[in-house]
Structure formats: structure tokens, C-alpha cells
Amino acid sequence: MCGIFGCASKTGNVAPIIHAALKRLEYRGYDSVGEATVYEGRLYVKKDKGKIDDVHRLHNLDDLPGRIGIGHTRWATHGAPYQVNAHPHLDCGERIAVVHNGIIENFAELKRELEELGHRFVSKTDTEVIPHLIEENLKKGLSMIEAVREALKRLEGSYAIAIISTLEPDKILCAKRESPLIIGVSDDAMYCASDIPAFLPLTNRVVVIEDGEMVVLTSNGYEIWNIDEWRPVTRKPDVIPWTPEMAEKGGYPHFMLKEIHEQPICLRNTLRLQ
Ligand code: GLU
């Protein structure tokens, strides 16, 4: 189980917030780490294989500029744990950055199709088809939100995704199918993450996203959309009474019980093929 995280803030730079949140997701296991932000019309990306502390020592994960960004801890399924395979992944024009948790099962056929259209791939991951699909949709004249929605419709498999772009620099677009995605709501920032502990020291107001939903996140709020029918979904935040320590136990009274309940998903992850 890897982790995704995103933050759109009204106040300062988000890179240190993303770094701290990824540390809180470390318990899920990972082999690589990365962050991307948008600032003054361009994307800033840092990523590498290895532990968060080691990657931070080497690259300084905290000095990416900008009030909006995404982060990832990777558990490789397609492509070995090398820097080039770490997330975020970008499109050819370097305007779109994507982090993804899950497996895109039809990536080989999508990749072939996109390569025939002239897209250049740099990694061996399944994830990299996503930014290129979005880029291809933008070429057809779709807006960023439409381009993401149409790309999602082509994906088979599982995903929790967070996307930033220079085209909509105040938005994080996220979506989910069969991988967890939670929104965190606070007065000065909005968050998305694969698990509640990622943002629990920052807010305890959470919105659980369901399969087939896409979220448009800004520093001011969130909109949820049903992807197939493209209708808005109204869902108010729940206030969770957990302390950060309780959240790490996922609501279970102790870690052993949590680990017992996580066996099916751990087993599924262990059996993932390279
Ligand atoms: N399938 C993607 C990869 O291998 C994401 C893996 C994950 O969930 O961390 O990069």
C-alpha cells in the first residue's frame, strides 16, 4: 500500500506540509517518494527511490515553491524502484503532474496508442499513461476537467489519483476506483490523501470519496462529481473524534487488530507482479 497526498493552501508553501504528510503515510510501506508543485506557470518536481529521509537529505523536499502540490510514496508494481519510475509522472509538455496509487490494467494498449500519436514515455510505469491521455484530450480542445474525466473513462483497473497542472494552477483534481481517497477540510487549506492519518494533525473534518467519483479541490473548498453521469454529489464532511494515534490504528483499539483486518489488502499487494 503506498500513499498519495495533495494540499491546496491559502497561505504558505505546501512542500513541507506534503513532506510531513508523506512521513505519516510511511507505515503503509513504499520504495520511492516524490512531490510536485505548481508555481508561476510551471511545475516543480522532486522524486527518487529510497526512504523519505534519505531522499530529503539528497534533494530537499521542502524547497519546492507554491501553494498547491501533490506527493506520493510508491510501492512499485510496474517498473522497478528507480528514480525515473517514481511519481509524480508528467506529460510531454510538462504541464500535468500525476500521482497514482493502484494498477492500470490496460496500460500497455493505451501506451501503444499514445506512442503512435507521438507521445514520449520515460518510465516503465503503468501510471505514465494518465498524464499523456489527459494531454491528448487537451489537444482535442477539452478543458482540463473534461480532459481528466475523459481520460478516467479509458482506465481499467484500480486507482486513487491526484493531478495538478499549470492550466488550472489553483486546482487539484482527484479521483478514485478501488483505492482509498479521503478529503480533509480546514479553514486555510484543503487536502486529499489515501488515509486519514496523513492530515489528521491538520484537520479532523473528512469526506470519504467513493468509487467512480472525481473531486475538484481548491484552497476554498471541494466539489464532488459522479464521473459517468457528470452530476454533482453533495457530501458534507464528517468530524472524526480520533487523535492522530487512534487514526494510525484506523479506528481499531490496537495495532494487532488493525493488522489482522488489513491482511487481505497486504496479501493482494504482496502478490502484485513487477
Ligand atoms: N502502479 C503504479 C506504479 O507501479 C503505482 C504503484 C503504487 O500504488 O504505488 O508506479
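Owing to the predicted nature of the structure, the values given are computational and were not obtained by experimental measurement.

Peer 1: Explain the site of the ligand residue by residue, including any values.
Peer 2: Of all residues adjacent to the ligand, which total 15 residues, the nearest are Arg74, Thr77, His87, Gly102 and Asp126. Thr77 is positioned with one of its side-chain polar atoms (N or O) 2.7 Å from a nitrogen atom of the ligand. Between a nitrogen atom of the ligand and a main-chain N or O atom of Gly102, the distance comes to 2.8 Å. In the complex, 100% of the free accessible area of the ligand, which totals 300 Å², lies under the protein chains. The cavity where the ligand resides is the largest cavity. Mapped onto the shell around the ligand, the elements with two or more residues apiece are strand 4 (68-74) and strand 6 (96-104). A per-element tally of the shell around the ligand places strand 6 first, with 3 residues. By residue class, the composition of the shell around the ligand is 3 nonpolar, 9 polar and 3 charged.

Peer 1: Go over the environment of Asp53 with me, naming the residues and quoting the values.
Peer 2: Tracing the backbone through its elements, the reader meets Asp53 in helix 2 (residues 52-59). Separated by 20 residues in sequence, Asp53 and Val33 have C-alpha atoms that sit 9.8 Å apart.

Peer 1: Tell me about the nonpolar core, residues and numbers included.
Peer 2: Counting residues in hydrophobic clusters, the biggest one holds 27 residues, and the most contacted among them are Ile134, Leu152, Leu155 and Ile163. When residues of this core are traced back to their parent elements, those giving at least two are strand 6, helix 3 (107-116), helix 4 (129-139), helix 5 (144-154), strand 7 (157-165), strand 8 (172-177) and strand 12 (213-218). With 25 residues, the next largest nonpolar core counts Ala8, Leu43, Val99 and Ile224 among its residues.

What counts, and where the lines are drawn
Residues numbered from 1 in each chain as written. Predicted model: local features only at pLDDT ≥ 70, side-chain atom pairs only at ≥ 80, totals over all residues. Heavy atoms only, no water. Near = heavy atom within 4 Å. Polar contact = N/O pair within 3.5 Å; in protein donor to acceptor, adjacent residues only side chain to side chain. Areas by Shrake-Rupley, 256 points an atom, 1.4 Å probe, with all protein chains shown as cover. 1 Å grid on protein atoms, 1.4 Å probe; cavity = no way out; pocket = protein on both sides within 12 Å on 5 of 7 lines; lining within 4 Å. Sits in = over half its atoms within 2 Å of the grid points. Helix = DSSP H or I, 4+ residues; strand = E, 2+ residues; numbered from the N terminus. Nonpolar A, V, L, I, M, F, W, Y, C, P; charged D, E, K, R; others polar. Core = buried A, V, L, I, M, F, W, Y, C linked by side-chain atoms within 4.5 Å. Buried < 20%, exposed > 50% of the residue type's maximum accessible area, 1.4 Å probe, protein only.

Note that all results are geometric; they support no functional claim without further evidence.
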